[in-house]
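Here is how the chains run, residue by residue.
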Amino acid sequence: MKRFSPVLPVIALLLTLGCAVGRAAGAPTNSPAGLDELRKQFESTIRDVQRQARESAKVLQQRYQASLTALEEALQSAGSQLPAMLAVRAEKARFEQSGDIPPGALSTDLPALRKLQDAWRAQTAGGPREQAQKIVAASERYLQNLGLLQKELAARNDTRGVDEVKAEKDRLLGNNRVREALALLQSSTPAPTPANAGGSREPVKPPEPAPVVPVATVVELGGYKFYPPGKEPPRKDLRPLRLEFPTADQRTAQFFYELRVTITSDKSDVSVSHSSSYYSVSKTKSGSIVNIPRITLASKNRELPDGCKMVLEYFSQPTSRANDLRREKVEHIPLPPLTRSRAYTVDGKGITLYKSESTSSYSGHYSSGREFYGLIISIYDAENKLLFQQCAPSTVTAMCGTKPPEPTKEPSKSW
């Protein structure tokens, strides 16, 4: 598979000319090494740069391929998605050959696939600039070391050595690809704002978020209670859900908001019965299980204005097989305003699913009904604009949308 790293040709050319990236760590030495030793150091650094580029590209490729596989499985579970599955399968084959996603390969018919493609392009967009930055910084370090070496040789009246160092410097400064790396770095650096005009070219980093603290009191809204974290009523057997970001845009939104989710399963309605006969002994467990999520929402660097809502999308799967993923219920939770660096905890109404399991010494194990599979949690403003979204597990990513689905009522028993 081809590796995606537009700056690798630059590196290869530097190796050919003997003008490579210098060591990122370490300042010019007080006693400069000879020219041959400097070249060896550069060549060693070049190998490190190439290795890092290969490893980074491989990781991103593997993640994208795994996302495609997860999307294909989700579409299969949803059913009636043959055209979409064929499109995903074709993208997998195309990407395995090219290792890249050019603009012409972007999907226009399948939003879930386009999300994955946009995420991959966003993750790899910084690669060329990062490589160019290493080349420029190393070239500057190389010139410094060459300058020190030239002074030392001149002090010893080594005219031939001075000429060799000058020739090496000329080759570096005359390298068009090195100049292209510098041009790329300069063009991709944001222009200085009035606050830092005339200063460093490095982009301004956003301020660190202030520590998140609980709200002061319990707030009631729309039949829900919002508690200061740590003050919510206790629940047994809470287990955490590992949340995923469906898109690269949502991943960047974590600077502004944060979600933590746990879930508990209330099995108080489940009954157990035993029976025996001449042929077998059996045990049956059946009843409704209520799965209730507990969500902590924190506003780190952006307030949550009045009129926002949280939308929970519950998914289930059959107990007997794992190829029938279904959105079972949509719950809307109105949210009170949340000022910056504050947090609160709220319990969802949850979802009730019926399940039956029988174990017999004669016929073995049998199960029916459905069980909780996962969640999509979305935050929308008063105009239904998506502010933040996460899901669990990653296989429901394909079901994530940017518009709030209508709330639904679950049946008394869901099979």
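Reading the values: the criteria
- Residues numbered from 1 in each chain as written.
- Predicted model: local features only at pLDDT ≥ 70, side-chain atom pairs only at ≥ 80, totals over all residues.
- Heavy atoms only, no water.
- Salt bridge = Lys/Arg side-chain N within 4 Å of Asp/Glu carboxyl O.
- Buried < 20%, exposed > 50% of the residue type's maximum accessible area, 1.4 Å probe, protein only.
- Phe/Tyr/Trp six-rings, centres within 6.5 Å; stacked < 30°, edge-to-face > 60°.
- Helix = DSSP H or I, 4+ residues; strand = E, 2+ residues; numbered from the N terminus.
- Lys NZ or Arg CZ within 6 Å of the ring centre and 35° of its normal.
- Disulfide = S-S within 2.5 Å.
- Expected span 1.5 Å × (residues − 1).
- Pairing = 2+ DSSP bridges.
- Patch = residues over 30% accessible without salt bridge, like charges linked within 9 Å, V, L, I, M, F, W, Y side chains within 5 Å.
- Areas by Shrake-Rupley, 256 points an atom, 1.4 Å probe, with all protein chains shown as cover.
- Lys, Arg positive; Asp, Glu negative; His and termini not counted.
- Charge placed at Lys NZ, Arg CZ, Asp CG, Glu CD.
- Core = buried A, V, L, I, M, F, W, Y, C linked by side-chain atoms within 4.5 Å.
- Contact = heavy atoms within 4.5 Å.

1. Some remarks on the pattern of salt bridges
Pairing is possible between side chains of opposite charge, provided their charged atoms come close.
Working step 1: Tallied over the full model, the rule gives 14 salt bridges.
Working step 2: Between E328 and R326 there is a salt bridge, with its nearest N and O atoms 3.2 Å apart.
Working step 3: Judged by relative accessible area, which is 12%, E328 ranks as buried.
Working step 4: Classification of R326 as partly exposed rests on a relative accessible area of 31%.
Working step 5: Taken together, the salt bridges that share partners define one network made up of E72, R89 and K92.

2. Quick notes on the packing of aromatic side chains
Working step 1: Tallied over the full model, the rule gives 6 aromatic pairs.
Working step 2: Ring plane angle 50° and centroid distance 6.2 Å describe the contact between Y64 and W120, whose orientation is recorded as tilted. You can see Y64 sitting in helix 2 (residues 35-78) and its partner W120 sitting in helix 4 (residues 111-124), a full 56 residues away along the chain. A single burial state applies to Y64 and to W120, both of which are buried.
Working step 3: A cation over an aromatic ring shows up here: R302 above the ring of F256, its NZ or CZ 3.7 Å from the ring centre.
Working step 4: In this structure, K349 packs its charged tip against the face of Y224, placed 4.7 Å from the ring centre.

3. Some points on the state of the cysteines
Working step 1: Applying the stated criterion to the full structure yields 0 disulfides.
Working step 2: C391 takes part in no disulfide bond, and the closest cysteine sulfur to it belongs to C400, at a distance of 4.1 Å.
Working step 3: Accessibility expressed as a relative area gives 0% for C391, which makes it buried.

4. Topic: helix 3 (residues 82-98)
Working step 1: Taking 1.5 Å of rise per residue, the 17 residues of helix 3 would be expected to cover 24 Å, and the 24 Å separating its terminal C-alpha atoms lies within 8% of that figure.
Working step 2: Downstream of helix 3 by one or two residues, G99 has phi in the positive range, about 70°.

5. Concerning unusual backbone geometry
Working step 1: The amide bond that connects A392 to the next residue, P393, takes the cis arrangement and shows omega of -5°.
Working step 2: Assignment of secondary structure puts P393 in the segment after strand 13 (386-392).
Working step 3: Look at N157: it is not a glycine, yet its phi comes out positive at around 60°.
Working step 4: Tracing the chain through its elements places N157 in the loop between helix 5 (127-155) and helix 6 (159-173).
Working step 5: According to the relative accessible area criterion, N157 is exposed, its value standing at 68%.

6. A few points about the pairing of strand 5 (residues 257-266)
The two faces of a sheet get side chains in turn, since along a regular strand they alternate between them.
Working step 1: In this sheet, strand 5 lies alongside strand 4 (residues 239-240) in antiparallel orientation, the contact comprising 2 bridges. By the bridge assignment, R239 is partnered in strand 5 with I263.

7. Structural notes on a positive patch on the surface
Working step 1: Together, R239, K267, K283 and K285 line one region of the surface with positive charge.
Working step 2: Along the chain, K285 turns up in strand 7 (residues 281-299).

8. What to know about the nonpolar core
Working step 1: Formed by 29 residues in total, the largest nonpolar core has its most connected members in I295, L297, L304, M310, L312, L335 and I377.
Working step 2: Counting only elements with at least two residues in this core, the list comes to strand 3 (224-227), strand 5, strand 7, strand 8 (309-318), strand 10 (342-347), strand 11 (351-360), strand 12 (364-380) and strand 13.
Working step 3: Beyond its immediate sequence surroundings of up to four residues, L312 is in contact with P293, I295, K329, V330, E331, I333, G348, L375, I376 and I377.
Working step 4: Counting 17 residues, the second-largest nonpolar core is a separate cluster that includes L60, L68, A84 and L110.

9. Notes on the environment of P293
Working step 1: Summarising the element assignment, P293 is placed in strand 7.
Working step 2: Each C-alpha atom, one on P293 and one on I263, is 4.2 Å from the other, the two residues being 30 residues apart in sequence.
Working step 3: Look past the residues within four positions of P293 in its chain and what remains in contact with it is V261, T262, I263, L312, Y314, V346, D347, G348, G350 and L375.

Treat this as a map of the structure, not an account of what it does.
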